[in-house]
Amino acid sequence: MSISVQNLTKRFGTFVALDNVSLVCPTGQLLALLGPSGSGKTTLLRIIAGLEIPDSGAVYYHDDEITSRSARDRNVGFVFQHYALFRHMTVYDNVAFGLRVRKVPERQVRERVMELLRLVRLEEKAQHYPSELSGGQKQRIALIRALAPDPKVLLLDEPFGALDAKVRAELRLWLRRFHDEFQVTTIFVTHDQEEAFEVADRVVIMNHGRIEQEGTPLEVFEHPATAFVMDFLGNVNKLPVRVEGGKALLGETGSVELPARVFGTSENGRIDAYIRPHELDISRNPDSSNCLTGKIVHLNPAGSVVKVRVLAEDFGLMLNVDLTPERYRALALKSGETVFIIPKAAKVFEPDYSI
Amino acid sequence: MKSEMITQEAVPWPREACRSNGKLSHALRRQTQDPLWVRLVLISLTVLLMGVLVVIPLIHVFYEALRDGLVTYGRYILADPDTRHSIVLTLIVAPIAVLCNVLFGLAAAWLVARFRFPGRTLLVAMIDIPLSVSPVVAGLSFVLLFGMQGFFGPSLRAMGIDILFTVPALIIATTFVTLPYVARELIPLMETLGPDEELAALSLGANGWQIFWRVTLPNIQWGLLYGIILCNARAMGEFGAVSVVSGRIPGETMTMPLQVELLFQDYNSPAAFALASVLTLLAVITLILKVYLEGRHHLRRPPPAWGASPTTPQEKINGTAGGTLP
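Calculation rules
Residues numbered from 1 in each chain as written. Chains lettered and ligands numbered in written order. Predicted model: local features only at pLDDT ≥ 70, side-chain atom pairs only at ≥ 80, totals over all residues. Helix = DSSP H or I, 4+ residues; strand = E, 2+ residues; numbered from the N terminus. Buried ≥ 20, exposed ≤ 12 C-beta atoms within 10 Å, placed from the backbone. Contact = placed C-beta atoms within 7 Å. Pairing = 2+ DSSP bridges. Axes fitted to C-alpha atoms, helices over the stretch in contact; angles between N-to-C directions. Domains from an automatic or database assignment. Nonpolar A, V, L, I, M, F, W, Y, C, P; charged D, E, K, R; others polar. pLDDT = per-residue confidence, 0-100. Parallel < 35°, antiparallel > 145°, perpendicular 65-115°, else oblique. Left-handed = near helix turned anticlockwise from the far one by under 90°. Core = buried A, V, L, I, M, F, W, Y, C linked by C-beta atoms within 7 Å.

### Overview of the overall build of chain A
Turning to step 1, where the next piece is worked out: A tally of regular secondary structure across chain A gives nine helices and 20 strands.
Turning to step 2, where the next piece is worked out: Overall, the C-alpha framework of chain A stretches about 80 × 45 × 35 Å when taken along its three principal axes.
Turning to step 3, where the next piece is worked out: Put simply, chain A has 355 residues, and 44% of those count as buried.
Turning to step 4, where the next piece is worked out: Intrachain contacts of chain A at a sequence separation of at least 6 include 66% that bridge at least 24 residues.

### Here we look at the overall build of chain B
Turning to step 1, where the next piece is worked out: Tallying secondary structure elements over chain B gives 18 helices and zero strands in all.
Turning to step 2, where the next piece is worked out: In chain B, once contacts between residues fewer than 6 apart in sequence are set aside, the share between residues at least 24 apart is 74%.

### A closer look at the sheet that holds strand 10 (residues 210–215) of chain A
All names here are of chain A.
Turning to step 1, where the next piece is worked out: In spatial order, the strands read 6-7-8-3-9-10; together these six strands make up an open sheet with mixed pairing. Both outer strands of the open sheet, strand 6 (76–79) and strand 10, are each paired with one neighbouring strand and no more. Sheet twist, expressed as the average angle between the axes of neighbouring strands with direction ignored, equals 15 degrees.
Turning to step 2, where the next piece is worked out: Taken together, the five bridges between strand 3 (residues 30–34) and strand 8 (residues 185–190) define a ladder with parallel strand orientation. Each bridged residue has a counterpart across the sheet, and for Leu30 the counterpart in strand 8 is Thr186.
Turning to step 3, where the next piece is worked out: The sheet contacts of helix 4 (residues 135–147) involve strand 6 and strand 7 (153–157), and relative to strand 6 the element is tilted by about 165 degrees.

### Comments concerning the environment of B:Val98
Turning to step 1, where the next piece is worked out: Tracing the backbone through its elements, the reader meets B:Val98 in helix 5 (residues 81–114).
Turning to step 2, where the next piece is worked out: Measuring from C-alpha to C-alpha, the distance between B:Val98 and B:Thr174 comes to 8.9 Å, with 76 residues separating the pair along the chain.

### Considerations on the domain arrangement of chain B
Residue and element names in this part refer to chain B.
Turning to step 1, where the next piece is worked out: You can read the domains of chain B as domain 1 (31–66) and domain 2 (80–299).
Turning to step 2, where the next piece is worked out: Placing the centre of domain 1 and that of domain 2 at their C-alpha centroids yields a distance of 31 Å.
Turning to step 3, where the next piece is worked out: Taken together, the contacts link five residues of domain 1 with five residues of domain 2.
Turning to step 4, where the next piece is worked out: The residue makeup of the side of domain 1 that touches domain 2, split by class, is four nonpolar, no polar and one charged.

### As for the environment of B:Gly194
Turning to step 1, where the next piece is worked out: Along the polypeptide, B:Gly194 turns up in the loop between helix 11 (180–193) and helix 12 (196–203).
Turning to step 2, where the next piece is worked out: A C-alpha to C-alpha distance of 7.8 Å links B:Gly194 and B:Ala113, two positions 81 residues apart in sequence.

### Comments concerning the sheet that holds strand 17 (residues 306–312) of chain A
Residues and elements named next belong to chain A.
Turning to step 1, where the next piece is worked out: The strand order across the open sheet formed by five strands is 15-19-16-17-18, and the pairing between neighbours is antiparallel. On the outer flanks of this sheet lie strand 15 (280–283) and strand 18 (317–323), each paired with one strand and no other. Neighbour to neighbour, the strand axes of the sheet diverge by 45 degrees on average, direction disregarded.
Turning to step 2, where the next piece is worked out: Across four bridges, the pairing between strand 16 (residues 292–300) and strand 19 (residues 338–343) is antiparallel. If you follow Thr293 over to strand 19, its bridge partner there is Phe340.

### Some remarks on the pairing of strand 4 (residues 56–61) of chain A
Residues and elements named next belong to chain A.
Turning to step 1, where the next piece is worked out: Two strands pair when backbone bridges link them, and strand 1 (residues 3–12) and strand 4 are joined in this way by five bridges, in the antiparallel orientation. Bridging across to strand 4, Val5 finds its partner in Val59.
Turning to step 2, where the next piece is worked out: As judged from the two bridges shared by strand 4 and strand 5 (residues 64–65), these two strands associate in the antiparallel manner. Its bridge partner lying in strand 5, Tyr61 is registered against Asp64.
Turning to step 3, where the next piece is worked out: Between strand 4 and the antiparallel strand that follows it, strand 5, lie two residues; His62 among them carries a positive phi value of about 55 degrees.

### Some remarks on the confidence of the model for chain A
Turning to step 1, where the next piece is worked out: Overall, the prediction assigns chain A a mean pLDDT of 87, with 95% of residues at 70 or greater.
Turning to step 2, where the next piece is worked out: Per-element confidence in chain A ranges from a low mean pLDDT of 77 for strand 12 (residues 247–250) of chain A to a high of 95 for helix 2 (residues 91–100) of chain A.

### A closer look at the environment of A:Gly215
Turning to step 1, where the next piece is worked out: Note that A:Gly215 resides in strand 10.
Turning to step 2, where the next piece is worked out: Taking the C-alpha atoms as reference, A:Gly215 lies 9.7 Å from A:Leu31; in sequence the two are 184 residues apart.

### As for the domain arrangement of chain A
Turning to step 1, where the next piece is worked out: Domain boundaries in chain A define domain 1 (3–230) and domain 2 (235–283 + 292–353).
Turning to step 2, where the next piece is worked out: Computed from C-alpha atoms alone, the centre-to-centre distance between domain 1 of chain A and domain 2 of chain A is 39 Å.

### What about unusual backbone geometry?
Turning to step 1, where the next piece is worked out: The phi dihedral of A:Asn75 falls on the positive side, at around 55 degrees, and the residue is not glycine.
Turning to step 2, where the next piece is worked out: The phi dihedral of B:Arg248 is positive, around 50 degrees, even though this residue is not glycine.
Turning to step 3, where the next piece is worked out: Using a count of 15 C-beta atoms within 10 Å as the deciding quantity, one classes B:Arg248 as partly exposed.

### Description of the packing of helix 5 of chain B against helix 11 of chain B
Residue and element names in this part refer to chain B.
Turning to step 1, where the next piece is worked out: Packing of helix 5 against helix 11 leaves a shortest axis separation of 8 Å and a crossing angle of 30 degrees. Relative to helix 11, helix 5 is oriented roughly parallel. Taken as a pair, helix 5 and helix 11 cross one another with a handedness that is right-handed. Across the interface between the two elements, Asn101, Val102, Phe104, Gly105, Leu106, Ala108, Ala109, Val112 and Ala113 from helix 5 touch Tyr181, Val182, Ala183, Leu186, Ile187, Met190 and Glu191 from helix 11.
Turning to step 2, where the next piece is worked out: Here the contact of helix 5 with helix 11 is built from residues that sort into 13 nonpolar, two polar and one charged.

### Quick word on the nonpolar core
Turning to step 1, where the next piece is worked out: Counting residues in hydrophobic clusters, the biggest one holds 113 residues, and the most contacted among them are A:Ala32, A:Ile48, A:Leu155, A:Ala273 and A:Ile341.
Turning to step 2, where the next piece is worked out: Take this core: its biggest share by element is six residues, from helix 4 of chain A.
Turning to step 3, where the next piece is worked out: With 55 residues, the next largest nonpolar core counts B:Leu164, B:Val177, B:Met190 and B:Leu258 among its residues.

### Examining the confidence of the model for chain B
Residues and elements named next belong to chain B.
Turning to step 1, where the next piece is worked out: Considering every residue of chain B, the mean pLDDT works out to 80; 81% of them sit at 70 or more.
Turning to step 2, where the next piece is worked out: No element of chain B has a lower mean pLDDT than helix 17 (residues 304–308), which averages 36, and none a higher one than helix 12, which averages 93.
Turning to step 3, where the next piece is worked out: Taken as a whole, residues 1–20 scores under 50 in pLDDT and shows seven contacts with residues more than four places along the chain or in a different chain.
Turning to step 4, where the next piece is worked out: Of the regions scoring below 50 in pLDDT, residues 300–326 engages in 40 contacts with residues more than four places distant in sequence or in other chains.
Turning to step 5, where the next piece is worked out: Reported confidences for the modelled complex are a pTM of 0.76 and an ipTM of 0.82.

In structure tokens form, the structure reads like this:
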């Protein structure tokens, strides 16, 4: 079942949690709502689930408008950030809850619950209480409890937020496989871009109650629509530039031209250019005129890329550069050396042209 | 300290290390505990106060009541129809007041813990009013409210309803005085529990009744029982407010505490003590029930540390989530 929302607005007092948000999630897709805290992603999820009522706007499941329908009648599976397992019930009773309130015969309840428990390999925990489970186990029980009544939509609020890094990474992959098997339309909320990119078919990036951009992980990463998205997707160098006659110029005298596509001329001024660390190269010779001189401040060769921090004193900039290990070995860089930094690509978000 | 001792015995350390460790623990104990005289003074003060104010009067009540033997004791309680009636009346009034308070307490706690609305803080403060207002004043205000010159009195009279000096007046006064007990027990409990489990039940398709009976009530049952017990103890012993609104009609509106006072005023202290002992006995039974329930409550809770650890031994054996699934 597809989900769509139209022109949703929600205020809490004077705080605008959602500002005229519209979104479509096609049947069977796994969609991530990504954004910093306070961006409205959880509010959006709760409105879709019926746990929150929007001030204005509409929610559709397939073609039915269900904006004013109770969460009880929406047939959604909702997984809470802190699991919200019924603490006085055993694992078995927790999973059975959604079936029992629907008056499903006890024999069918038993079959379904045991089938789901087998699926997550927790059959032997059936008679345990939630407090006797680990975080990862609780999360899996919360998920199958939500799936037990066979919902048409699965909604997860920061599903892995409370888990430690290793369990988290494993559950991520597991959720993806789980989704591929059940094919239920799924929306999940996260503030971790890595998580969103790894699991989701499509990513919706939110900020200040608005959608900044939506698309596949690749689209969003390769072609960020706004400066916020560029910044939020992590680890980017921000350089103040002037835009003049279709050129992005760095420095007071405009000594370095960045390879960015720009159209206009920035009024009296300054605008930020963004360069990802892997879009910068280091060279021993000033190959072209468009390079910055800098001193290597820090080298971190541990990892699949070598992280170099370079101070470009002429511009007062600290730049992060990612090199491949091969490139690093070829250059034989040392801390404290003066090198030349060559920007291979850059991005400028001009206010007038960012449509 | 104890676990340290055990470690010392279990691990074959060199004698020297043991001794220095012993010295260390001794020094630690000296640093973290108060001097002997402080402890002695505090302990004896507590014992003295408890003895003089609680234990001796309690024993004295039963001693006086049973001085003339069990047969006389029984006669004092059961022979006088007014005394018998007072016992029955208390056993009627207290449970009804408790029931009213359970309903009010649940509603108030639900409202305060689950909703944000203007005047919420005021409501919480108002729930406490019966604790701070003298019961006599409360009783008087009901007289003014339901009396012939009062606010509701004339119109109720016109409908042929008398409140003042009847059993309903006793119930109203008792309910007022005991109003905070259940609500105050439940509000912090429900705020700590949070709404998530109820919302989870809702999204799983449960209706309001199902959520209340299957999720909310099991979670608050021990707090609720505790509130009921406290409320009941207070309701049975209430004197001031009840005394004012009852009109003290023997055999009709005299509850046990009122009857005890009446007997005492009539220089019938053996009978007064006998009835007082019954009241005390009810209080002691309530107390025992409370302690028993507290014990059961703690037993039912699994140890928190167990659930809190990120990986239980079982999980380590199974391997973690991702690896074990199809």
